[in-house]
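Each chain, letter by letter, is given below.
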Amino acid sequence: MWVLMIEALVAFFLLVFIVWWTMYQGKGKGAGKQPAPPAQKQVGTEEEQTEKLK
């Protein structure tokens, strides 16, 4: 019975290690960060904006 418990623990730690390894593999500093898109300037009032869309 204890052999099955050891086997289950080894399999669990192996799974955790594989997930940890693949999550952080190949990412440099700031690789997941994307720059914010540039802000758009609003010209005119809201009514003029809706008129342009029509």
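Below is a summary of the structure that appears in this document. As the structure is a prediction and not an experimental result, all values here were calculated from the model.

Describing the overall build of the chain
The helix and strand tally for the chain stands at two helices and zero strands. Buried positions account for 0% of the 54 residues belonging to the chain. On the chain, roughly 6,000 Å² of surface is accessible, and the fraction owed to carbon and sulfur atoms is 66%.

Observations concerning the packing of aromatic side chains
Counted according to the given criterion, the structure contains four aromatic pairs. Taken together, a centroid distance of 5.6 Å and an interplanar angle of 65° make the contact between Phe12 and Phe13 edge-to-face. When its relative accessible area of 53% is taken as the criterion, Phe13 is described as exposed. Every member of this aromatic cluster is reached through a ring pair, and the members are Phe17, Trp20 and Trp21.

Thoughts on a nonpolar patch on the surface
On the surface, Leu14, Leu15, Phe17, Ile18, Val19, Trp20, Trp21, Met23 and Tyr24 cluster together into a nonpolar patch covering about 950 Å² of accessible area. Turning to its location among the elements, Ile18 is positioned in helix H1 (residues 2–24).

Brief notes about a negative patch on the surface
Among the surface-exposed residues, Glu46, Glu47, Glu48 and Glu51 lie close enough to one another that they form a single negatively charged patch. Inspection of the secondary structure assignment puts Glu48 in helix H2 (residues 46–53). Residue classification places Glu48 among the partly exposed positions, given a relative accessible area of 43%.

Quick notes on the rules
- Chains are numbered independently. Their residues run from 1 in the order of the written sequence.
- For a predicted model such as this one, the threshold for reporting local features is a pLDDT of at least 70, and the threshold for listing and counting side-chain atom pairs is 80 or more; totals across whole chains, interfaces and linings nevertheless cover every residue.
- Processing note: side-chain calculations cover all non-hydrogen atoms of the structure and skip hydrogens and water entirely.
- Starting at the N terminus, helices and strands are each numbered in turn, a helix being any DSSP run of H or I of at least four residues and a strand any DSSP run of E of at least two.
- Summary of the burial criterion: residues with accessible area below 20% of their type's maximum are buried, those above 50% are exposed, and those between are partly exposed, where the area comes from a 1.4 Å probe applied to protein chains only.
- For the area figures, the Shrake-Rupley method with a 1.4 Å probe applies, and any residue is considered shielded solely by the protein chains shown.
- Aromatic contacts are taken between Phe, Tyr and Trp rings whose centres are within 6.5 Å, Trp giving its six-membered ring; a plane angle under 30 degrees counts as stacked, one over 60 as edge-to-face, and the others as tilted.
- Patches draw on residues past 30% relative accessible area with no salt bridge. Two like charges within 9 Å are joined, as are two nonpolar side chains (Val, Leu, Ile, Met, Phe, Trp, Tyr) within 5 Å.
- We define a salt bridge as a contact between a side-chain nitrogen of Lys or Arg and a carboxyl oxygen of Asp or Glu at a distance within 4 Å.
- Here Asp and Glu are counted as negative and Lys and Arg as positive; His is not counted, and neither are the chain ends.
- We put the charge of a Lys on NZ, of an Arg on CZ, of an Asp on CG and of a Glu on CD.

Fair warning: the whole summary comes from geometry, so function is off the table for now.
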